[in-house]
Amino acid sequence: MRIRQSGDSLLQQLSQQLSGNADLAQKELGRGADGVHMLYLKSMSDSSIVSRYVITPFYEMKDILAYESYIENYPGTTVGKDEKTLLENVLKGFICLEFENGHIYLFEANKNESSPVSDGQTEVIVQGPSDAFTENLQVNINLIRHRYQSEHLKAELTVVGAKSRTRVAIMYDDVRVDKAILEELRVRLEGIKVDLIQGAGELDKHLSDTKHRLFPTVVVTERPDRAVFNLSEGKILLVVDTTGYVVILPSIFNDYLTAMDDKLQLPISGWFLKTIRYFGLIISTILPAIYVAFTSFNPEVWKVQIALLVAGSRASVPYPSYLEVFIMLVLMEFLTEASLRLPKSIGPTATTVGGLILGTAATEAGLVSNIMIIIVSAVAISNFVIPLNMMMYSIRVMKYFFIIFAAVFGLLGIVLGLVGVVMYLCSLRSFGKPYFKIFALDQWANRVQGGKENGQK
Amino acid sequence: MVKNKYFYYLFLITALISVINYVPRSLIDRRFDGAMMSILISIPIGTVLLILFTKLMSKFPQQGLPEILNGNLSGFVSRPLLVLYSTIWFVAGLITILAFVDITMRYISSDVPSYIVILGFLLIICFSMRMRTESILYGLEVLLVLNLPLIIYYLLKGIFNPYFSWDAVRQMVTYLWDIPHYSSVAKSTFVFTGYINLAIFNRVFENLKVRHVWLISLTALVTLLIAFLMPIGFSGVEGISKHVYPWFTTADSLRTKAFIIERVLFLFYFTYLTFSLVSAITSWHITLELLKGAFQSKQGKDQGKNTKKVVDWACIIIFSGITLLMDNLNQYTMYKVGQIFLDVRLIGEIMLLATIFLVFRKLKRGRST
Amino acid sequence: MKPTFRIVLILVVVVLMLPIQACKFKDIDLKLFVIAMGIDVSEKSPDKLSVTLKIAIPQGDPKTSDEKVEILTQEAVSIAEAIREAKSRVDKEIDFGHCKAILFGEAYARKDLRGGTDWALRRRDIQLLNFIGIAKPSAKEVLTVQPPTERIPANSILLALSKDGTESPFIVNIYLYNLYRRLQEKGWDPVLPVIEFQTDDEFLINKIYLLDKKKIQVLLTPEETRLFNLLTTKDLKTNFSFRYQGDKMDYNVEHSKSNYKIQSNVKDKSSIDYKINITAELEENQQELPMNKTTLEKISVAASEEMNQQVEALLKKIQKSHLDPIGWGLRYEATHWNNSTEMKEWTEMYPKLDFKVHASIKIHYSGMLN
């Protein structure tokens, strides 16, 4: 609360700073001692709220004091303290009300343009909740709170981005969370010096230790159930406003191969699904490399039938095996990219023309071998088995490393590459936690603790 | 900080890698000359050394050899000692790499020039050896656990093979009472040597307690017996000495119908390729850390970081250079070098043990007065 | 330095290696795979060898089943030389990585087969899992056999020898490593199967040769080969015929097991005691003798006695040849701890040994008829 000084009221300063905005609205209600100055941004504030809860009551109530106490006690109203908070809140869509006695209030009337809660698009699930996070922070927090009704669930608000002023809610289970990681996260959030945060994935880039990594170290999800599941494991959620996604951290490699289906199925089917996914991961990374190594270096490794088959189908191919693989894989990448970006109605056509016709024609013409087509499609399909998008892209890039290694060293190169990748994964840390361990025991310990809390043995 | 289980992995990788490091072949060379007995003798010796070393290291919690020596001895003593000990690990890694490059040249990539194969090995090893100590342990765990089922598969496949000659094995056992030589005892104790890696890895163990020492001894005994007798069961008591790599000959004698790969040799090769890479990474990581300890300045932190980087790069260049130079040795010289290393190693280990014990006693006396 | 930079560095180095590498390797379509090879003594000059390679030619279209094969015969003074010379007769690189069988011509094996064995073991690309056999009359002729059921060149020989396909009781399969260890071992001599040329699309494998440490010595008949197999393998799949009161009968072996003990405690009365246990079922009963529990027992006894005689005759024949194809000598060594003298004892003892065979055949099932 500040007493107005003649000449340079806060409101006037504010209107000077915001001058030149076409959507700036300044109004005077009443006259003299009973008057109220009003300032807001038309685009950010809900005009029906303005007329119904601000303007109409002013004229209905005769007494200015009664009106002031109405405004003061209206839920969401805060007292304007200084210029900075005023500016920030007006930009968010608050209405700034200045009474003649110098009191300044910020009346919450912000308009939120966000898509309603809709079905998930990027992580589809068969059985289970299909709602996804929206672009609205409040709605997202609401979605999480609904599923995790515990007094331990905490939500802290911070703002990231000098220009975008994106609100980020840090949510965690007070009991299960690792306090050291929380502290580390706060420090790192403070340290982010960027203008804009437009997507949750971007936050990941700024948060982690090394910028250029091959693998993502935080999970970005649009599924509230995944977020809540991780919350119960003691992880921290960053609910980023306006993005529609939530960041989960710290994460381990295994998280990227977990689909929420695994938890819903019977345990054995769940394990089976997970095994299948790891299998798909391995196939899509090393199958093309194996083809290169096999045809160019070590044809004696496989059975003679396979050797003769490959030799026969490669007989008309005019270039070395690694070029053959590169050409086909790059074509496949084009195809995937094209069908992603195309409008949904044209997508299937592109796939058919590209995949079926091109593949058949290429083999008929003798430019690539039959086996190669099988391998390329196997790689493409098995790549889509990975549930989280970011990991899928990492794996797509990875396979080229293996092809290069295989083209230089043969089968030896594939094993060298595998050992190298395992070592690299082990060297990664997600907020100080080891990223890749074969027995994720820490996570297990958390689950056991959760069981204890719930009175299980 | 890591759990105690990683100690067992360190032990296991060394026990398994002994197949590459000429241990079975040296034993086979002396098979009529006390090899059987030296296997039995090596078990108590190795166990005692292991217990003593782990007990001593647990007196210095979360400290590696450089901290122990630099902290308690003057620089003139500790630095040369660190350099000296680092050579043991360096040679261990070097022999593993060179032996495996030789095997690769024979079985997998005869078309590829050997220096390219070595460069491939060096790329991965030099990249990985500079990682954090914990990370190396995690990697070791992953690769070991993934490969163990395969190892068990080979063993079962071998032992239940109808062509496995138990008579040849029994004939070998009848040579039990021959008097062993020092060198074959030294070679047999190599399976235990994993414990010595604590010299650096002790840094990351919170509170090292080695339980179930009998299990380690038993594993070592079984490993040695299998490493020594399995090739004999496949290639005969007499014929085995003709083969340069007895274990790869044995793997080549196994055929499987279950995979698209028909020859077990290739599966075995891949398993051991990962093992030898990991083993070389751990050995050279220790060498690197010891050398860093030896050349560490006791000044400001920034400068320390800089020297570390210099030591890192110097080590990478020197290690790679030596490895590439050693590639010119022929197979007999290589074998000889491996033999000498295995013999010297045991003495080196006992010396290291004695050094740490002396430091410990000095520390204790210093405390009591 | 950041790890990512290291990765980029590694990749750059590897990519730089690519041009050095790319000209070195030969793609699979530039290779010719030898599936089987044979070694003979040259017919023209006895000092020369004649090496036959059976090479598979890959087919572009896997749907057409006709196999194409090239048989290359080259004469030279040594095997290595012959292969070098053969290389200049073909357009692609000859690859031995898939060589699965090495056949020695009978004439070559009669002279000395150690040279061929040594060559095969020394070559790094030749598997130790090669099947070895004696080809009769010559390796070249056997390799030209093309059975109509074959889809991959030489596959029929491999299937027969590996027992993956047919499981004939007359076939003994010997891998290269097995031959070599028996050539080296004291107290264990090699045996090799004989592959005979019949017609252009048929061969016959039903005999074995006993070898000493250098060359082939004694040929066993098919009947003896089967008994030899019975003594050395467990659960041999075969049938044996016998006579019972003038009636010819056949039984099919379900389980078989044979083991032996060397009795050497009493001097000059040492013996090898064989125990053969067979459970079997009646397969053929030519005069339709009615079966019941007691007759089954009786015919079992009759079968056992006949087995005893046959096995004893075989063992005597082996003993007379002074060879040790079953490894009795090694067993003797393995069970005796006087390592310096045991071999001498054994060589003195072996010619004087007595054989006691105790076969117990149990025909426990009379088939679908009584």
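Residues numbered from 1 in each chain as written. Chains lettered and ligands numbered in written order. Predicted model: local features only at pLDDT ≥ 70, side-chain atom pairs only at ≥ 80, totals over all residues. Heavy atoms only, no water.

### Let's talk about the overall build of chain C
Secondary structure summary: chain C contains eleven helices and 13 strands in total. With the C-alpha coordinates aligned to their principal axes, the bounding extent of chain C is approximately 80 × 65 × 55 Å. Residue burial in chain C is summarised as follows: out of 370 residues, 54% are buried. The contacts in chain C between residues at least 6 apart in sequence include a share of 67% that link residues at least 24 apart. Within chain C, the 52 negative side-chain charges are centred at a point lying 6 Å from the centre of the 52 positive side-chain charges. (Helix = DSSP H or I, 4+ residues; strand = E, 2+ residues; numbered from the N terminus. Buried < 20%, exposed > 50% of the residue type's maximum accessible area, 1.4 Å probe, protein only. Contact = heavy atoms within 4.5 Å. Lys, Arg positive; Asp, Glu negative; His and termini not counted. Charge placed at Lys NZ, Arg CZ, Asp CG, Glu CD.)

### Brief notes about the interface of chain B and chain C
Listed by partner, the interface residues are 44 residues for chain B and 43 residues for chain C. Interface area for chain B against chain C, summed over the two sides, is near 3800 Å², with a carbon-plus-sulfur share of 56%. On the chain B side of the interface with chain C, the three residues burying the most area are F127(B), Y163(B) and R255(B), jointly 17% of the side's total. Where chain B packs against chain C, one counts three salt bridges. (Buried area = accessible area lost by both parts, 1.4 Å probe. Salt bridge = Lys/Arg side-chain N within 4 Å of Asp/Glu carboxyl O.)

### Quick look at the pattern of salt bridges
Tallying each qualifying case throughout the model produces 41 salt bridges over all chains. Among the ionic pairs, K213(C) bridges to D189(C), the shortest N-O distance being 3.1 Å. One end of the pair, K213(C), is in the loop between strand 8 (202-211) and strand 9 (216-220); the other, D189(C), is in the loop between helix 7 (176-184) and strand 7 (191-199), with 24 residues separating them in the sequence. Judged by relative accessible area, which is 28%, K213(C) ranks as partly exposed. Among the charged side chains, a network of salt bridges with common partners joins E67(B), R130(B), R203(B), E289(B), K292(B) and D312(B).

### Re the interface of chain B and chain A
With 42 residues of chain B at the interface, the matching set in chain A holds 29 residues. Buried surface at the junction of chain B and chain A, both sides included, amounts to about 3000 Å², of which 75% is carbon and sulfur. Looking at the side of chain B facing chain A, the largest losses of area belong to Y138(B), V142(B) and I260(B), adding up to 17% of the total buried there. At the junction of chain B and chain A, the tally comes to zero salt bridges. Remark: the boundary between chain B and chain A carries three residue pairs in polar contact (both at pLDDT 80 or more). For the side of chain B that touches chain A, the secondary-structure elements that each account for two or more residues are helix 1 (5-17), helix 5 (75-107), helix 6 (114-129), helix 7 (133-159) and helix 13 (264-295) of chain B. Broken down by element, the side of chain B that touches chain A gets its largest block of residues, ten residues, from helix 7 of chain B. Counted by class, the side of chain B that touches chain A contains 26 nonpolar, seven polar and nine charged residues. (Polar contact = N/O pair within 3.5 Å; in protein donor to acceptor, adjacent residues only side chain to side chain. Nonpolar A, V, L, I, M, F, W, Y, C, P; charged D, E, K, R; others polar.)

### Some details on the domain arrangement of chain C
Residues and elements named next belong to chain C. Along its sequence, chain C is carved into domain 1 (28-220) and domain 2 (221-370). Summarising the inter-unit geometry, the C-alpha centres of domain 1 and domain 2 are found 32 Å apart. Each partner contributes to the interface: domain 1 provides 22 residues, whereas domain 2 provides 24 residues. Buried area between domain 1 and domain 2, summed over both chains or domains, comes out near 1800 Å², and the portion from carbon and sulfur atoms is 66%. Broken down residue by residue, the surface that domain 1 buries against domain 2 is led by P169, F170 and L220, which jointly contribute 32%. At the boundary of domain 1 with domain 2, the tally comes to one salt bridge. In this structure, K237 and E167 form a salt bridge, with 3.7 Å as the shortest nitrogen-oxygen distance. Our count for the domain 1 to domain 2 interface comes out at eight residue pairs in polar contact (both at pLDDT 80 or more). Those elements that provide at least two residues to the side of domain 1 that touches domain 2 are strand 8 and strand 9. With five residues, the single largest contributor to the side of domain 1 that touches domain 2 is strand 8. (Domains from an automatic or database assignment.)

### Looking at the sheet that holds strand 4 (residues 94-99) of chain A
Residues and elements named next belong to chain A. Strand order in this open sheet of five strands is 1-2-4-5-3, and the pairing throughout is antiparallel. The sheet is open, and its two edges are formed by strand 1 (24-29) and strand 3 (78-79), each paired on a single side. Judged from the six bridges that link them, strand 1 and strand 2 (residues 36-41) form a sheet pairing that is antiparallel. Among the inter-strand pairings, K27 is bridged to a residue of strand 2, identified as M38. Packed onto the sheet, helix 3 (residues 64-73) meets strand 2, strand 4 and strand 5 (104-108) and runs at close to 150° relative to strand 4. (Pairing = 2+ DSSP bridges. Axes fitted to C-alpha atoms, helices over the stretch in contact; angles between N-to-C directions.)

### Topic: the packing of aromatic side chains
Taken as a whole and assessed by the stated rule, the structure comprises 54 aromatic pairs over all chains. With centroids separated by 5.5 Å and ring planes inclined at 85°, the aromatic side chains of F99(A) and Y105(A) adopt a geometry described as edge-to-face. Assessed through its relative accessible area of 2%, F99(A) is described here as buried. Clustering of aromatic rings is evident, with ring pairs tying together F100(B), Y107(B), F121(B), Y153(B), Y154(B), W247(B), F248(B), F268(B), Y269(B), F270(B), Y272(B) and F275(B). The ring of Y260(C) has R331(C) lying over it, and the distance from NZ or CZ to the ring centre is 4.4 Å. (Phe/Tyr/Trp six-rings, centres within 6.5 Å; stacked < 30°, edge-to-face > 60°. Lys NZ or Arg CZ within 6 Å of the ring centre and 35° of its normal.)

### Some remarks on the state of the cysteines
Defined simply, a disulfide is a covalent bond joining two cysteines at their sulfur atoms. Residue and element names in this part refer to chain B. Taken as a whole, this structure holds zero disulfides over all chains when the rule is applied. The thiol sulfur of C315 is not disulfide-bonded, and the nearest other cysteine sulfur, from C126, lies at 9.4 Å. The exposure class assigned to C315 is buried, which follows from its relative accessible area of 5%. (Disulfide = S-S within 2.5 Å.)

### Focus: the packing of helix 10 (residues 267-296) of chain A against helix 15 (residues 389-409) of chain A
Relative placement of two packed helices is described by the angle separating their axes and the distance separating the axes. Residue and element names in this part refer to chain A. It is the contact of helix 10 with helix 15, at a shortest axis distance of 8 Å, that shows an interaxial angle of 25°. The orientation of helix 10 with respect to helix 15, classified from their angle, is roughly parallel. For the pair helix 10 and helix 15, the sense of crossing is right-handed. Contact residues: L281, S284, T285, I286, P288, A289, V292 and A293 in helix 10; I395, M398, K399, F402, I403, A406 and A407 in helix 15. (Parallel < 35°, antiparallel > 145°, perpendicular 65-115°, else oblique. Left-handed = near helix turned anticlockwise from the far one by under 90°.)

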